[in-house]
Amino acid sequence: MDKKIKIGTIFLIATWLFTGIYADDEFGEHSMFLKYRPTFQYYFKSPLGMQDMPASFPLKLAVEQATYDEFINQKHWSDNDFLATTFCGVLYLGTIYLMISGLLKQFKYEK
C-alpha cells in the first residue's frame, strides 16, 4: 500500500474523530466545528431547539440534548474560529489530497 494512502487513512480517521457538523438550534443552519475531544458522533442536532426542557422530556432525547450542549453550547478550547477553521481545513483538504493522489498512484501502470 502506498504511503499517501496510509497517511490519508490516518487523516480520515482524525477528521472523523475531531471534526463535526452541527445544526444551529435557532435557525437550523449547518456549520462545521472542531471537537474538543474525539468522538464517533459526527452530526449534532438539538432535539429541543431554543425551548426549555420540559419535565416529561424522554430520556433518550435528554441525553442527545446534553451531548449537543457539551460540544456546541459549552465553548471549550475551540472558541477561536480561525483556529478551528484552519484545523478543519487542513484535515479535510489533507485527507482529500492524500487519498486521491494515493489512489491515482495505485491505478497508474507502466506501458
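See above for the structure.
Our next topic: the overall build of the protein. What the protein contains, in helices and strands, is three helices and three strands. Starting at the N terminus and walking to the C terminus, you meet the elements of the protein as α-β-β-β-α-α. Its C-alpha atoms give the protein a radius of gyration of 18 Å, clearly above 13 Å, the size a compact globule of 111 residues would have. Viewed in the frame of its principal axes, the protein has a C-alpha envelope of about 70 × 30 × 25 Å. Each of the 111 residues in the protein was classed as buried or not, and the buried ones make up 31%. Counting only contacts in the protein whose residues sit at least 6 apart along the sequence, the fraction spanning at least 24 positions is 53%. Counting only carbon and sulfur atoms, one obtains 65% of the accessible surface of the protein, whose full area is about 8000 Å².

In this structure the tally under the stated criterion is five aromatic pairs. For the pair Y36 and F71, a centre-to-centre distance of 5.4 Å together with 40° between the ring planes defines the contact as tilted. Of this pair, Y36 sits in the loop between β2 (30-34) and β3 (43-45) while F71 sits in helix α2 (residues 59-73), placing them 35 residues apart in sequence. Overall, the relative accessible area of 25% leaves Y36 in the partly exposed class.

Reading the values: the criteria
Residues numbered from 1 in each chain as written. Predicted model: local features only at pLDDT ≥ 70, side-chain atom pairs only at ≥ 80, totals over all residues. Heavy atoms only, no water. Helix = DSSP H or I, 4+ residues; strand = E, 2+ residues; numbered from the N terminus. Rg over C-alpha atoms; globule rule 2.2 N^0.38 Å. Buried < 20%, exposed > 50% of the residue type's maximum accessible area, 1.4 Å probe, protein only. Contact = heavy atoms within 4.5 Å. Areas by Shrake-Rupley, 256 points an atom, 1.4 Å probe, with all protein chains shown as cover. Phe/Tyr/Trp six-rings, centres within 6.5 Å; stacked < 30°, edge-to-face > 60°.

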